[in-house]
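Structural characterization, general
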Amino acid sequence: MKSGSHLSIWFFTGLCLGVTGALIFATGIYEVMSPPANKVVLYELHANVWWGAILLVSGLFFGIHFSPANERKRMAGKS
Amino acid sequence: MNLALLLLNSNTLVHLSAVDIVIIIFYFALVLGIGFYLKGQANTGEDFFMAGREMTAWVAGLAFLSANLGSLELMGWAGNSYRYGILAAHWYWIGAIPSMLFLALVMMPFYYVCKTHSVPGYLKLRFGVGAQTISSISFALMTVLMSGINMYAMAVVMKVVLGWNMDFSIWVSAGTVALYVALGGLRSAIFNEVLQFFLIWAGALLIPILGLIEAGGWHGLQAKILQNLTELHMANPGSYTHLWSTLGNFNNNPMGINWAGIVFGLGAVIAMGYWTTDFLVVQRVLAAKDLRSAELAPIIGAAFKMCVPFIVILPGLLGLALLRDPHTGSLIRLVPADQAWSAAGQAQGLHGYDEVLPLMLARYCGPGLLGLGITALIAGFMSGMAGNVSAFTTVWTYDIYGALINKNASDESKVKMGRWVTIIGVVISIGTAYIAAGKPSIMDYVQSLFSFFIAPLFGTVLLGMLWKRATPAGGWTGLLAGTLSSVGMYAWVKLDPNAVRYVALSMDAQDQAQNMFRALWCCLICVIVTVVVSMLTKPKPDSELKDVVYGLTPIPKAENVGFWHSPYFWGGVVFVIFIILQIIFW
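So, here's what we can say about the structure. Treat the numbers as computed from the prediction; the structure is a model and nothing was measured. (Residues numbered from 1 in each chain as written. Chains lettered and ligands numbered in written order. Predicted model: local features only at pLDDT ≥ 70, side-chain atom pairs only at ≥ 80, totals over all residues.)

**Some thoughts on the overall build of chain B**
The criterion, for reference: The numbering of helices and of strands both runs from the N terminus, where a helix is a DSSP run of H or I of at least 4 residues and a strand a run of E of at least 2. A radius of gyration in this sense is built from C-alpha atoms; the matching globule rule multiplies 2.2 Å by the number of residues raised to 0.38. Buried means a residue has 20 or more other C-beta atoms within 10 Å of its own C-beta, exposed means 12 or fewer, and partly exposed covers the counts in between; C-beta atoms are placed from the backbone. Note on contacts: residues are paired as contacts if their backbone-placed C-beta atoms lie within 7 Å.
Secondary structure assignment for chain B yields 25 helices and zero strands. In terms of overall size, chain B behaves like a compact globule, its C-alpha atoms giving a radius of gyration of 23 Å where 586 residues would be expected to give roughly 25 Å. Seen through its principal axes, chain B has C-alpha atoms that stretch 75 × 55 × 55 Å. Looking at the 586 residues of chain B, the share that counts as buried comes to 57%. When contacts within chain B are restricted to residue pairs at least 6 apart in sequence, long-range pairs at least 24 apart make up 82% of them.

**Let's talk about the overall build of chain A**
Within chain A, the regular secondary structure consists of three helices and zero strands. Computed over the C-alpha atoms, the radius of gyration of chain A is 17 Å, more than 25% above the 12 Å expected from 2.2 N^0.38 for a compact globule of 79 residues. By principal-axis analysis of the C-alpha atoms, chain A measures approximately 60 × 15 × 15 Å. Expressed as a percentage of its 79 residues, the buried residues of chain A come to 38%.

**Comments concerning helix α19 (residues 369–405) of chain B**
Residue and element names in this part refer to chain B. Note the cut-off: In this analysis, the expected span of each helix is defined as 1.5 Å times one less than the number of residues it contains. Bend, at a single residue, is the angle you get between axes fitted to the 7 residues ending at that residue and the 7 residues starting at it.
Along its 37 residues, α19 runs 50 Å from first to last C-alpha, staying within 8% of the 54 Å computed at 1.5 Å per residue. By the largest-angle criterion, Trp 396 marks the main kink of α19, which is about 35°. Of all 37 residues making up α19, 31 are buried, and the element is well covered by its neighbours.

**Quick look at the packing of helix α4 (residues 57–66) of chain B against helix α14 (residues 291–305) of chain B**
Packed helices, taken two at a time, are described by their axes: the angle between them and the distance between them. All names here are of chain B. Our working definition: Axis definition: a line fitted to C-alpha atoms, limited for helices to the stretch in contact. Angles are taken between N-to-C directions and run from 0 to 180 degrees. Our angle categories are set so that under 35 degrees counts as roughly parallel, over 145 as roughly antiparallel, 65 to 115 as roughly perpendicular, and the remainder as oblique. The crossing is said to be left-handed when, going from far helix to near helix, the turn is anticlockwise and less than a right angle, and right-handed when the turn is clockwise.
Where α4 contacts α14, the two axes come as close as 7 Å, and the packing angle between them is 50°. Classed by the angle they form, the pair α4 and α14 counts as oblique. Crossing angle aside, the handedness with which α4 passes α14 is right-handed. Judged by residue contacts, Ala 57, Trp 58, Ala 60, Gly 61, Phe 64 and Leu 65 of α4 engage Ser 293, Leu 296, Ala 297, Pro 298, Ile 300, Gly 301, Phe 304 and Lys 305 from α14.

**A short note on unusual backbone geometry**
Excluding glycine, a negative phi dihedral is what most residues carry, and trans is how most peptide bonds are arranged. One non-glycine residue, Leu 42 of chain A, lies in the positive phi region at around 60°. With respect to the helices and strands, the residue Leu 42 of chain A is situated in the loop between α1 (9–33) and α2 (47–65). Unusually for a residue other than glycine, Arg 53 of chain B sits at a positive phi of about 45°. Position of Arg 53 of chain B among the secondary structure elements: in the loop between α3 (45–50) and α4. Looking at Arg 53 of chain B, the number of C-beta atoms within 10 Å reads 19, which means it is partly exposed.

**Digging into the environment of Ile 200 of chain B**
Residue and element names in this part refer to chain B. Its location among the elements puts Ile 200 in helix α9 (residues 166–204). With 13 residues separating them along the chain, Ile 200 and Ile 213 place their C-alpha atoms 21 Å apart. With sequence-adjacent residues up to four places away left out, Ile 200 is seen in contact with Leu 69, Ala 376, Ala 379 and Gly 380.

**A closer look at the nonpolar core**
Formally: Only buried residues count toward a nonpolar core: Ala, Val, Leu, Ile, Met, Phe, Trp, Tyr and Cys, linked into one set through C-beta atoms within 7 Å.
Counting 225 residues, the largest nonpolar core has Ala 60, Val 177 and Ile 190 of chain B as the members making the most contacts within it. Ignoring sequence-local partners within four residues, the contact set of Val 177 of chain B consists of Met 382, Met 385, Ala 386, Val 389 and Val 426 of chain B.

**Overview of the interface of chain A and chain B**
In plain terms, the rule: Under the convention adopted here, Pro, Cys and the residues Ala, Val, Leu, Ile, Met, Phe, Trp and Tyr are nonpolar, Asp, Glu, Lys and Arg are charged, and Gly plus all remaining residues are polar.
If you look at the interface, chain A gives 27 residues, while chain B gives 33 residues. At the level of secondary structure, the elements contributing two or more residues to the side of chain A that touches chain B comprise α1 and α2 of chain A. Counting residues per element, the side of chain A that touches chain B draws most heavily on α1 of chain A, at 13 residues. Among the residues making up the side of chain A that touches chain B, the classes are represented as 17 nonpolar, nine polar and one charged.

**Here's the deal with the packing of helix α6 (residues 97–113) of chain B against helix α25 (residues 567–584) of chain B**
Residue and element names in this part refer to chain B. The N-to-C vectors of α6 and α25 enclose an angle of 170°; their axes lie 10 Å apart at closest approach. The orientation of α6 with respect to α25, classified from their angle, is roughly antiparallel. Two secondary-structure elements touch here, α6 through Ile 97, Leu 101, Ala 104 and Leu 105 and α25 through Pro 567, Tyr 568, Gly 571, Val 574, Phe 575 and Phe 578. Partitioning the contact of α6 with α25 into residue classes produces nine nonpolar, one polar and no charged.

What follows is the structure, encoded as structure tokens:
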């Protein structure tokens, strides 16, 4: 959705999911290498690693697919 | 006060790490950035109040749902599912899906074709200034009051869960919402609501996934709940995981309600009233770019609404099954909020029903994920508040200022008024939050007051759209009679608790059951009074009812698209899935 603007809402969504996912993924990797003293329930599943990775990949998809450069290409194709 | 001290309290339910705080701060920076980015695109009334009426079905549909997904909605209904079991899911299924589909396929064409800016604006076109005035003043008043008490409740939860200073929570969250809505208007609110929708799911979805793994799947969860509630000697322990089979009698289920209250009170009146006439949600759909998008938006919202019990109801049930003291192994029993948040409750380490979601969050989420979960709760609060504020601003500017105070206001002055009223609305909300802090019982009254207006308003709007014989006098007297009768029934039960047997048909009826039946009666009273007064008064000529009444409104034909693009097709798909869910969890 462009709404007459240059940046799509989906680009902002990608930015948010990507940055958050990267932070969670990096924290998860750090916890795997250096396990905390107080572990959460089901720590052994390393949810922050795979959940962070899912968010990061989703964010990259939205961020790249709806990036300003790709939006300009789509607009040029329509006109 | 030092920011770090405000955010890193050690004596709390959960403890945030540095990465959690970075995630929260990044979220605040992003929503403010979006507000500043969109500032230049909110220069006309259509831009500021209706987002230019250019939203796609997906954006309008997600914003439609997100405006309703406040954090108190998330935490409150997770708490209700802990208290009442899976019966709480009725508020997401029969209490939402049929009415969202009804809005999409029956009512939306009238709202959209008449190009109204608001629901009170529709009432003006259909019934005249009297009904518009009652509706707009009550809506504006209740919206800012609700926004304020929600803000207070949110601040209390943040204090209990995170140890955050209440003034800090109130001013930072309210200030952020005021800034981005005042800058970019409805477009900014909708952009952020879509963002918040994704954050809410990203932050909350992990709890039911990990919870079901720990509980051993749905059947393991059912077995654990039965075992725990039997151990606690609770009545009807088997009823907590069944949607319909325990609703034959009032006393067979934890809510004290029967199927008639759920079907007619909740599904046919309260849900219909909320989802089809509450301007807070309808405004998002009115911003759609064309009629087909406006019809598809509530259907998209309904499809996602059906999934919300997974992140709200399931965590409450998981709390019933899994929460045990890590040291003694005994069951942790949550209690009502006033008991938990009292000095004695805090000294004993009690937790309120509404804390079940943060408790489950703390159970499974380590650094990073915890920050995301807390951001989801904050995002929920802010999307709900932005919804209230943007709807209040539009109703004030068009239906009170433009209709009663300055009828010749220019478009430019309305935008200016809209920006200022956004700030003023937030300031009034903050004031209400502090009043609630001094007198918490006011929260019950204001929440009840809000429900007084929704049920009769549905009766008035529905008759207005579908029955051309309804007259202006019938419309506003019916609305007034319905509202006053609802207030009267509420006061009657407050003064004489035995009156519950008449209002809710059973002395076993809990608060939610009373709300259902009160809504049903006041809507019926509204309809009866509207019909009787209309038959005794002169109707408007057909020429004045064009574009607002069924039979006199030419509905534009959709462009030649395949059936898979038809709102009726997708509405049918959503309805079939809704029926299947009722059978699965019967």
